[in-house]
Amino acid sequence: MKNNKTYFLNSVSELHHFLNIKKPTHPLVSVVNLDDLDCIDTEEMSTIVFNYYTIYLKKNFDGKIKYGQQYYDFDDGIMTFFAPKQMFSIEENSSTKVEGWMLVFHPDFIQSYSLAKRIKEYGFFSYANNEALHLSDKEREIILECFKNIKLELEQAIDKHSKSLIVNNIELFLN
């Protein structure tokens, strides 16, 4: 029988704890390689609410995801976007090995940048859009490069340029 519990994840640290991975190197932003996670048991998790921006670059996902009042169109090589406080539900009763990448960042992280004002202009963070973005191989390479650049910057000693470099990479792939 499916557990209908709702999980509210308010911080990047809570996400890392939820996924049973090591603590994030930055409290407001993280890049997670989904290939490193164990299977996700969808019977254990039916509804999730993130209190930060979440962007998935996924492949090989068999489940059905309900976002807002509609279902997302999931296939190989797609991106999905969730704004803070948006709810999504996993509707499939199966264990799935998820592959790909996930970028999460708290709105406070981009607050002092122009991206904070413009992020609402990106329609793919809206409940009204129930289509995932399907990527060409070249687009996928560009996105992966941005994710890897952010991850690399997070693994280095944080300096006065780190935040700008990370925000610039986020903005690059959103554009």
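Residues numbered from 1 in each chain as written. Predicted model: local features only at pLDDT ≥ 70, side-chain atom pairs only at ≥ 80, totals over all residues. Heavy atoms only, no water.

Engineer: Got a sec to walk through the overall build of the chain? Specific residues and values, please.
Structural biologist: Along the chain, the regular secondary structure elements total five helices and 12 strands. A buried classification covers 45% of the 175 residues belonging to the chain. The contacts in the chain between residues at least 6 apart in sequence include a share of 78% that link residues at least 24 apart. Carbon together with sulfur atoms contributes 48% to the accessible area of the chain, which is approximately 9,400 Å² in total. (Helix = DSSP H or I, 4+ residues; strand = E, 2+ residues; numbered from the N terminus. Buried < 20%, exposed > 50% of the residue type's maximum accessible area, 1.4 Å probe, protein only. Contact = heavy atoms within 4.5 Å. Areas by Shrake-Rupley, 256 points an atom, 1.4 Å probe, with all protein chains shown as cover.)

Engineer: Talk me through the packing of helix α4 (residues 137-155) against helix α5 (residues 162-174); I want residue IDs and the actual numbers.
Structural biologist: At a minimum axis separation of 9 Å, α4 and α5 run at an interaxial angle of 165 degrees. Regarding the angle of α4 to α5, the classification is roughly antiparallel. By crossing handedness, the relation of α4 to α5 is classed as left-handed. Taking contact as the criterion, the partners of Ile143, Cys146, Phe147, Asn149, Ile150, Glu153 and Leu154 in α4 are, on α5, Ser162, Leu165, Ile166, Asn169, Ile170, Leu172 and Phe173. Classifying every residue of the contact of α4 with α5 gives 10 nonpolar, three polar and one charged. (Axes fitted to C-alpha atoms, helices over the stretch in contact; angles between N-to-C directions. Parallel < 35°, antiparallel > 145°, perpendicular 65-115°, else oblique. Left-handed = near helix turned anticlockwise from the far one by under 90°. Nonpolar A, V, L, I, M, F, W, Y, C, P; charged D, E, K, R; others polar.)

Engineer: Any details on α5? Residues and values, ideally.
Structural biologist: Every α-helix carries 3.6 residues per turn, so stepping three or four residues along brings you back to the same face. Under the 1.5 Å per step criterion, the end-to-end length of α5 is 19 Å for 13 residues, consistent within 8% with the ideal 18 Å. Restricting attention to buried positions, one finds in α5 the residues Ser162, Ile166, Val167, Asn169, Ile170, Glu171, Phe173 and Leu174. (Expected span 1.5 Å × (residues − 1).)

Engineer: Tell me what's going on with the packing of aromatic side chains, and back it up with residues and numbers.
Structural biologist: Counted under the stated rule, the structure contains seven aromatic pairs. Ring centres of Phe81 and Phe124 lie 4.2 Å apart, and the angle between their planes is 35 degrees; this geometry places the pair in the tilted category. Placement of Phe81 in strand β8 (residues 78-82) and of Phe124 in the loop between α3 (114-118) and β12 (133-134) is noted, with a sequence separation of 43 residues between them. Note on accessibility: Phe81 and Phe124 belong to one class, buried. Taking the centre distance of 5.2 Å and the plane angle of 70 degrees together, the rings of Phe147 and Phe173 count as edge-to-face. With Phe147 in helix α4 and Phe173 in helix α5, this pair connects stretches of sequence that are 26 residues apart. Just as Phe147 is buried, Phe173 falls in that class too. Aromatic rings pair up to connect Phe81, Tyr122 and Phe124 into one cluster. Over the face of the ring belonging to Phe109 we find Lys163, whose NZ or CZ atom lies 5.5 Å from the ring centre. (Phe/Tyr/Trp six-rings, centres within 6.5 Å; stacked < 30°, edge-to-face > 60°. Lys NZ or Arg CZ within 6 Å of the ring centre and 35° of its normal.)

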